Amino acid sequence: MSSSSPLSYTLQCKCGAFEATFNTPPRITFNCQCRSCVSIIQTIESRDNNFSGTSMKCDTDESGGVAVAVYKSNNTTVVKCDKGSIGCMKVGPEGKIARSYCNKCGTVLFNVYAPNWAAVNRNALVDKDGKAYVPEEGEVMNVNCKSAFDVSKVKGPKHNGVPFRMLLKFIPILAGFGVDGSNTEESLIPEDMSKVEVSPITWE
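Here the structure is a predicted model, which is why all the values come from computation and not from measurement.

With respect to the overall build of the protein
Across its full length, the protein holds 2 helices and 12 strands. Beginning at the N terminus, the succession of helices and strands in the protein can be written as β-β-β-α-β-β-β-β-β-β-β-β-α-β. Here the C-alpha radius of gyration of the protein, 16 Å, is about what a compact globule of 204 residues would show, namely 17 Å. By principal-axis analysis of the C-alpha atoms, the protein measures approximately 45 × 40 × 35 Å. When burial is assessed residue by residue, the protein has 47% of its 204 residues classed as buried. Sequence-distant contacts, at least 24 apart, represent 70% of the contacts inside the protein between residues at least 6 apart. Total accessible area on the protein is roughly 10200 Å²; 49% of this is exposed by carbon and sulfur atoms. Charge centroids of the protein, computed over 22 positive and 21 negative side chains, lie 3 Å from each other.

Written out as structure tokens, the structure reads:
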């Protein structure tokens, strides 16, 4: 990020039921092309044909990939959470990750919300003036392209998996270094994954 970029961002759904703030630019930004991420976003955003939220789909290509920004828990604060408006969905009956979304407007909030880190709907981030977050040119890569539904539609830069330089940023977070485990909003972390809505696996 350039020094002129705002230091704080807000994650908002369109209807105002949820809001979180981040006191720094994202640590990592990428477009995930894997079938799990793409299919679950499609399921959430197409249900009841009543979507009015901020889409998590990439706006840079026709691949169907999802736009992700990663934050450490230290930089994440949930400001408003209408628990009755939060839904969670997993991929397949045995899915281990719950994607949270607003069940009023349909905005996907987090692709991952874990105690130490969060993968945020990058398209729903705005700065203090209400302007959408825009990564710097060349900052965003398309990852997990080997698992894309149609890799020919994915534009570069693209990687079959997760590139090493991105892993170098991820590994310390996953190992618990420099994080405080403060992501504890209960409605975003289902207590019983067996009760979470299921997005079907259609590609096996």
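Notes on the packing of aromatic side chains
Throughout the structure, instances matching the rule amount to 7 aromatic pairs. Ring centres of Phe 18 and Phe 110 lie 5.8 Å apart, and the angle between their planes is 90°; on these two criteria the pair is classed as edge-to-face. Of this pair, Phe 18 sits in strand E2 (residues 18–22) while Phe 110 sits in strand E8 (residues 108–113), placing them 92 residues apart in sequence. Residue Phe 18 is classed as buried on the basis of its relative accessible area, which comes to 1%.

Details of the environment of Ala 119
With respect to the element layout, Ala 119 can be found in strand E9 (residues 117–121). Between the C-alpha atom of Ala 119 and that of Ile 28, which follows or precedes it by 91 residues, the distance is 9.1 Å. Ala 119 has contacts with Val 68, Ala 69, Leu 109, Phe 110, Asn 111 and Val 112, leaving out every residue within four places of it along the chain.

Regarding unusual backbone geometry
Here the residue pair Gly 156 and Pro 157 is connected by a cis peptide bond, since its omega of -5° sits within 30 degrees of zero. The phi dihedral of Asn 144 is positive, around 55°, even though this residue is not glycine. With respect to the secondary-structure elements, Asn 144 resides in the loop between strand E11 (141–143) and helix H2 (164–174).

Remarks on the sheet that holds strand E1 (residues 9–12)
With respect to topology, 4 strands assemble into an open sheet ordered E5-E2-E1-E10, the strand pairing being antiparallel. Lying at the two open borders of the sheet, with one neighbouring strand each, are strand E5 (76–81) and strand E10 (125–126). For E1 and E2, the ladder comprises 4 bridges, and the chain directions are antiparallel. When the sheet's bridge partners are listed, Thr 10 is paired in E2 with Thr 21.

Observations concerning the side chain of Thr 76
Residue position: Thr 76 is located in strand E5. Residue classification places Thr 76 among the buried residues on the basis of a relative accessible area of 8%. Reaching out from Thr 76, the side chain makes a polar contact with the backbone oxygen of Lys 72 at a distance of 3.0 Å. Those residues within four positions of Thr 76 in sequence are excluded, and the remaining contacts are Thr 21, Phe 22, Tyr 71 and Asn 183.

Criteria and cut-off values
Residues numbered from 1 in each chain as written. Predicted model: local features only at pLDDT ≥ 70, side-chain atom pairs only at ≥ 80, totals over all residues. Heavy atoms only, no water. Helix = DSSP H or I, 4+ residues; strand = E, 2+ residues; numbered from the N terminus. Rg over C-alpha atoms; globule rule 2.2 N^0.38 Å. Buried < 20%, exposed > 50% of the residue type's maximum accessible area, 1.4 Å probe, protein only. Contact = heavy atoms within 4.5 Å. Areas by Shrake-Rupley, 256 points an atom, 1.4 Å probe, with all protein chains shown as cover. Lys, Arg positive; Asp, Glu negative; His and termini not counted. Charge placed at Lys NZ, Arg CZ, Asp CG, Glu CD. Phe/Tyr/Trp six-rings, centres within 6.5 Å; stacked < 30°, edge-to-face > 60°. Pairing = 2+ DSSP bridges. Polar contact = N/O pair within 3.5 Å; in protein donor to acceptor, adjacent residues only side chain to side chain.

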